[in-house]
Amino acid sequence: MACTHIIGTGSYAPSRVITNHELEKRVDTSDSWIRERTGIQERRQAAPDEATSDMAVHAARRALDMAGVAPEELDLIVVGTITADMPMPSCAAFVQAKLGARRAFAFDVGAACAGSLYAMSVADQFIRSGQVRKALVIGAELLSRVVNPDDRNTCILFGDGAGAMVLSPGDDAERGILSTHLHSDGGLAELITIPGGGSRTPMTEEAVRARLNTLHMNGREVFRFAVRALVESTQEALATHGLVPGQVDHVIAHQANARILDAALERLEIPRDKCWLNLHKYGNTSSASLPMTLDEAHRAGKLQRGQVIAMMAIGAGMTWGSAVVRW
Ligand code: UT7
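Not measured: the values here are computed from a predicted model.

Cut-offs used in this document
Residues numbered from 1 in each chain as written. Predicted model: local features only at pLDDT ≥ 70, side-chain atom pairs only at ≥ 80, totals over all residues. Heavy atoms only, no water. Helix = DSSP H or I, 4+ residues; strand = E, 2+ residues; numbered from the N terminus. Rg over C-alpha atoms; globule rule 2.2 N^0.38 Å. Buried < 20%, exposed > 50% of the residue type's maximum accessible area, 1.4 Å probe, protein only. Contact = heavy atoms within 4.5 Å. Areas by Shrake-Rupley, 256 points an atom, 1.4 Å probe, with all protein chains shown as cover. Lys, Arg positive; Asp, Glu negative; His and termini not counted. Charge placed at Lys NZ, Arg CZ, Asp CG, Glu CD. Domains from an automatic or database assignment. Buried area = accessible area lost by both parts, 1.4 Å probe. Polar contact = N/O pair within 3.5 Å; in protein donor to acceptor, adjacent residues only side chain to side chain. Near = heavy atom within 4 Å. Right-handed = clockwise from strand over helix to strand, strands pointing away. Pairing = 2+ DSSP bridges. Core = buried A, V, L, I, M, F, W, Y, C linked by side-chain atoms within 4.5 Å.

Chemist: Is there a simple way to think about the overall build of the protein in this case?
Modeler: Helix and strand content of the protein: ten helices and 13 strands. In summary, the protein has a C-alpha radius of gyration of 19 Å against a globular reference of 20 Å for 327 residues, a match within 12%. Within the span of the protein, comprising 327 residues, buried residues form 54% of the whole. Partitioning the contacts of the protein with sequence separation of at least 6, the portion at a separation of at least 24 is 77%. Per element, the accessible surface of the protein, about 13,800 Å² overall, is 49% carbon and sulfur. Averaging the positions of the 33 positive and the 37 negative side-chain charges in the protein gives two centres separated by 2 Å.

Chemist: Any chance you could explain the domain arrangement of the protein here in plain terms?
Modeler: Interfaces are often sized by the accessible area lost when the parts come together. Partitioning the protein into domains gives domain 1 (4–174) and domain 2 (177–326). Spacing between the C-alpha centres of domain 1 and domain 2 amounts to 14 Å. Contact with domain 1, which involves 57 residues of that partner, is made by 48 residues of domain 2. At the boundary of domain 1 with domain 2, total buried surface from both sides reaches about 4,000 Å², with 60% on carbon and sulfur atoms. Interface area lost by domain 1 to domain 2 is led by Cys113, Leu117 and Tyr118, which between them contribute 16%. Counting across the domain 1 and domain 2 interface gives 29 residue pairs in polar contact (both at pLDDT 80 or more). Elements with a contribution of two residues or more to the side of domain 1 that touches domain 2: strand E1 (4–12), helix H2 (31–38), strand E3 (42–45), helix H3 (52–67), helix H5 (115–129), strand E6 (135–142) and strand E7 (160–169). Per-element tally for the side of domain 1 that touches domain 2: the top contributor is H5, with nine residues.

Chemist: How should the site of the ligand be read in this particular structure?
Modeler: Not every one of the 23 residues close to the ligand is listed here, only the nearest: Thr29, Arg37, Arg220, Asn257 and Asn284. Between the ligand and the protein, one listed contact pairs an oxygen atom with a side-chain N or O atom of Arg220 at 2.6 Å. Protein contacts shield 77% of the accessible area of the ligand, which totals 940 Å² for the unbound molecule. Mapped onto the shell around the ligand, the elements with two or more residues apiece are H2, helix H7 (219–240) and helix H8 (258–268). If you tally residues by element for the shell around the ligand, the top one is H7, at four residues. Split by domain, the residues of the shell around the ligand number at least three in each of domain 1 (4–174) and domain 2 (177–326).

Chemist: Would you mind going over the pairing of strand E4 (residues 76–80) with me for this structure?
Modeler: Within a regular beta strand, the side chains point alternately toward one face of the sheet and then the other, so they alternate between its two faces. Judged by how many residues are buried, E4 sits mostly within the fold: five of five residues are covered. Note that the unit made of E4, helix H4 (residues 91–99) and strand E5 (residues 105–109) has a crossover that is right-handed. With five bridges joining them, E4 and E6 adopt parallel strand pairing. Its bridge partner being in E6, Ile77 is matched across the sheet by Leu136.

Chemist: Please explain the nonpolar core as it appears in this structure.
Modeler: Grouped burial of nonpolar side chains is what soluble globular proteins tend to show. By size, the foremost hydrophobic cluster in this structure holds 49 residues, and its most contacted members are Ile192, Val251, Ile314, Met318 and Val324. Of all elements in the fold, only H7, strand E11 (250–253), H8, strand E12 (308–315) and strand E13 (319–326) reach the threshold of two or more residues within this core. Tallying contributions element by element places H7 first for this core, with nine residues. In this view, Ile192 contacts Leu215, His216, Met217, Val222, Ala316 and Met318; residues no more than four positions away in its chain are not counted.

What follows is the structure in structure tokens.
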């Protein structure tokens, strides 16, 4: 069966830079702590009049330009996000309208930091089934609106951004998205939550006062779980294709924490220099990070035809997964 090909990539980061030094003035932290514990030096923050779909559209236009695909040709738009413009309708609906992608059906996937990997997998299945020929996959996140600026456990980590890819069926069965491997464990849902604003705890004044509308995270537990999950899922993906770590040319990973990636790569026996890192510039941009990273590596000319790319991501839910792509 012919594989789905990634025929265009794009990304967008807002211009406002928030350095570690700026955060030092706001919470009890230090540039050295943040660098040593996370690898992050700065992150981006969207403008007050910017919404998630605005960032998504910037990234999408770049990916569509690269692919040479007009918005009217799109059959499907899937956006991985947990910070849509509003609770309803989906972020994808706004993206569709702004792009003028009239033929596409559009929806969001809520898998937090694994969102774009989930979205890519969903689009891949639609393409493999023959129902869709051109799909736009986006990961877009405006986390600065949901992070508590006074919580040093989280405000140092997260940033805003968007990444996109255009997918289409390819003639070459040896290249493209060879497989995706998705996993969830809802038993660990409490590890990362935005507890207020849903049906359990509606957005009341009291809920906002208690900051229940912001992101809460047990960082230490997430860290421990993330390393194991990323390793197991990547091993599963490689084994599916009879690949050994030495055959991996690039790792394109969700950028959560440089130490998480270091630990996972060490256990996978994949050299660190095969993993494209940009979290020093953008922090953890949740679902945006994987397609932003792919776009950077691609535009830097690093991805050569035929090379093996291992993708991996993990997020709230818990959700995680991997993919093998032959470029
Ligand atoms: O994208 C998927 C979702 N999220 C993640 O992947 C995040 C995963 N977790 C992490 O990246 C790390 O757990 C953090 C970066 C969040 C924290 O790093 P850590 O090495 O796990 O630190 P810790 O939570 O074990 O805390 C160590 C110490 C604590 O002080 P005590 O109890 O040892 O006195 C914290 O209170 O560091 C303290 N601490 C800080 N100190 C300075 C926590 N945050 C900060 C901070 N600045 N920003």
